[in-house]
Amino acid sequence: MTRLSTHDAIIIGAGPAGTSVALTLARRGWAVAIVEKRLFPRRKVCGEYISASNIALLDRLEIGDAWRASAGPQIRRVGFFSGNTRVEAEMPPARAGRSADDGFGRALGRDVLDALLLQAACSAGAEIFQPFWPVAIDRDGDMQTVRIQASNVSDEHTMLRAPVIVAAHGSWEPGPLPSQLAKSSRPSDLLGFKAHFIGSSLATDLMPLLVFPGGYGGMVFADHGRLSISCCIRRDVLARLRGNHPPEQDGPKENGHLSAADAVCRHLMSSCRGVSDVLEGARLDGPWLAAGPIRPGIRACYEHDIFRVGNAAGESHPIIAEGISMALQSGWLLASELGGAPTGQADREAVGRRYEAAWRGLFSTRVYTAAGIARLAFCPGGPALMRVAVRNLPQALTLGAHLSGKTRRVPGFG
């Protein structure tokens, strides 16, 4: 069975980037379709921290109050845990929202945040296709047609037509669209892991950077007392860890080896005393999640007549905890450039050039800063050098938060 539906814009992906652009366009009167392959709520590999610079944007999207009511405590300090080193410094405040209390970022689980944003988009008039995934995309004059398929009904197809297509599917989703990257496997690939814990002893206003052999990560208190731990580790390092530590007879196994999640958790605990200290007595809340490989870098923001937002447009190393911020802000940037009405192809190309210039102006420093920090963390002797630097100059952590964009305002918000 096939049905046809016509819209002004089709958004592929219902994460923060996709719903940010969908919300903004729908409230301007656009007929918007959102295609999302997974059912919500769902947990996702993500650091879950949202910088204070986004609070005015959340208010503009009309979800600011709901976010304030659900998010975890304010993060007023940034930290560094590596080996036996534990260093803390002040998080720089941002002039962001309606009050002084909005000067610091907070974390909210993606299972909560994504559902909140999608419901707001639905209330704004966006039509939601979920769970559906894109099968093919074709040009039809000045329109483009996306064929989508229901995840739970193999013979049900829907044809969506629109002049504007927005790729918001992330960077590691394989598929038929020209905006989707090809999968590959390299020893240097970064694989992402994430888990929630209950009952940890981390100070609720502290967000430490974790640096360990072969990877890096972060910890932050999110909603409902959940401690969110996320990290990246090189594929070859993970393989070596799993091979060096056979599982106990009753331990978790994957093909006869220690499970990847258990290997990562053990490595974190043994490499960062700060992690083992704050998790003593804590319990895992749900399973470890894995994703990747992560593909940091700047990509085309407009190509093959498809706009890209979020990680599809470009992503920084997660070491600076700016993924959600960049996703939300990129969706807002694109919607701002698209303006009040759908455009023809020639106009879309002009919009694409303006949007890419705005994207690079807002995010390139973050991407390059993150790449530099990550390169130092991975190089031989890098973690030891970082430990010496932050012990002698804790203010470097505050400076790093500035350079990563945590105090930079979104264009159009004063």
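The structure displayed is predicted, hence computed values, not measured ones.

Undergrad: Would you mind showing me how to read the pattern of salt bridges here?
TA: Pairing is possible between side chains that carry opposite charge, provided their charged atoms lie close to one another. Applying the stated criterion to the full structure yields 29 salt bridges. For glutamate 48, the salt bridge goes to lysine 194, with nearest N and O atoms at 2.6 Å. Of this pair, glutamate 48 sits in the loop between strand E3 (32-35) and strand E4 (49-50) while lysine 194 sits in strand E13 (residues 190-198); the two residues are 146 residues apart in sequence, bridging distant segments of the chain. Here glutamate 48 matches lysine 194 in class, with each residue buried. Measuring nitrogen to oxygen at the nearest pair gives 2.8 Å for the salt bridge that ties arginine 348 to aspartate 305. Of this pair, arginine 348 sits in helix H9 (residues 345-378) while aspartate 305 sits in the loop between strand E22 (302-303) and strand E23 (306-308), and the two are 43 residues apart along the sequence. We classify arginine 348 as buried; its relative accessible area is 0%. Residues joined in a network through salt bridges with shared partners are Asp59, Asp65, Arg68 and Asp102.

Undergrad: Would you mind showing me how to read the environment of isoleucine 320 here?
TA: Locating isoleucine 320 in the fold gives a position in the loop between strand E24 (314-315) and helix H8 (323-338). In the structure, isoleucine 320 is positioned 213 residues away from alanine 107 in sequence and 14 Å away in space, judged by C-alpha atoms. Ignoring any residue separated from it by four or fewer positions in sequence, one finds isoleucine 320 in contact with Arg366, Ala370, Ile373, Ser404 and Lys406.

Undergrad: Just checking my understanding: could you explain the packing of helix H1 (residues 16-27) against helix H4 (residues 110-123) for this structure?
TA: Between two packed helices, what matters for the description is the angle formed by their axes and the separation of those axes. The contact between H1 and H4 brings their axes to 9 Å, and the two run at 20 degrees. By the criterion of interaxial angle, the relationship of H1 to H4 is roughly parallel. Of the two possible hands of crossing, H1 and H4 adopt the one that is left-handed. Here H1 contributes Pro16, Thr19, Leu23 and Arg27 to the contact with H4, which in turn contributes Arg110, Leu113, Asp114, Leu117, Leu118, Ala120 and Ala121.

Undergrad: Can you walk me through the packing of helix H5 (residues 235-244) against helix H6 (residues 260-271) in this structure?
TA: Orientation of H5 relative to H6, taken along the N-to-C sense of each, is 95 degrees, at an axis distance of 9 Å. When the axis of H5 is compared with that of H6, the two are roughly perpendicular. Taking contact as the criterion, the partners of Leu238, Leu241 and Arg242 in H5 are, on H6, Ala260, Ala263, Val264 and His267. Class assignment of the residues belonging to the contact of H5 with H6 gives a composition of five nonpolar, one polar and one charged.

Undergrad: How should the sheet that holds strand E10 (residues 143-150) be read in this particular structure?
TA: Strands pair in a sheet through their backbones, by hydrogen bonds, and they do so in one of two ways: parallel or antiparallel. In spatial order, the strands read E1-E11-E10-E9; together these four strands make up an open sheet with mixed pairing. Strands at the two margins of the open sheet, each flanked by one partner only, are strand E1 (2-6) and strand E9 (132-140). Each strand of the sheet is rotated relative to its neighbour by a mean of 20 degrees, with strand direction disregarded. Note that E1 and strand E11 (residues 157-162) share five bridges and pair parallel. Bridge pairing links threonine 2 to histidine 157 in E11.

Undergrad: Can you help me understand H1 in this one?
TA: Each α-helix winds once per 3.6 residues, and so residues spaced three or four apart point in a common direction. Taking 1.5 Å per residue, twelve residues should reach 16 Å; H1 reaches 16 Å between its end C-alpha atoms and fits that length. In terms of residue burial, H1 counts as a mostly covered element, since eleven of its twelve residues are buried. Inspection of H1 places Pro16, Ala17, Gly18, Thr19, Ser20, Val21, Ala22, Leu23, Thr24, Leu25 and Ala26 among the buried residues, and these make up the whole buried set. Residues of H1 that are buried sit in contact with strand E2 (9-12), E3, H4, strand E12 (164-167) and H8. Looking at the residues trailing H1, positive phi occurs at glycine 29, about 100 degrees.

Undergrad: Is there a simple way to think about the side chain of threonine 145 in this case?
TA: Tracing the chain through its elements places threonine 145 in strand E10. Judged by its relative accessible area of 9%, threonine 145 is buried. Other than its neighbours up to four places away in sequence, threonine 145 contacts Ala136, Ile137, Asp138, Asp140, Met159, Leu160 and Arg161.

Reading the values: rules and limits
Residues numbered from 1 in each chain as written. Predicted model: local features only at pLDDT ≥ 70, side-chain atom pairs only at ≥ 80, totals over all residues. Heavy atoms only, no water. Salt bridge = Lys/Arg side-chain N within 4 Å of Asp/Glu carboxyl O. Helix = DSSP H or I, 4+ residues; strand = E, 2+ residues; numbered from the N terminus. Buried < 20%, exposed > 50% of the residue type's maximum accessible area, 1.4 Å probe, protein only. Contact = heavy atoms within 4.5 Å. Axes fitted to C-alpha atoms, helices over the stretch in contact; angles between N-to-C directions. Parallel < 35°, antiparallel > 145°, perpendicular 65-115°, else oblique. Left-handed = near helix turned anticlockwise from the far one by under 90°. Nonpolar A, V, L, I, M, F, W, Y, C, P; charged D, E, K, R; others polar. Pairing = 2+ DSSP bridges. Expected span 1.5 Å × (residues − 1).

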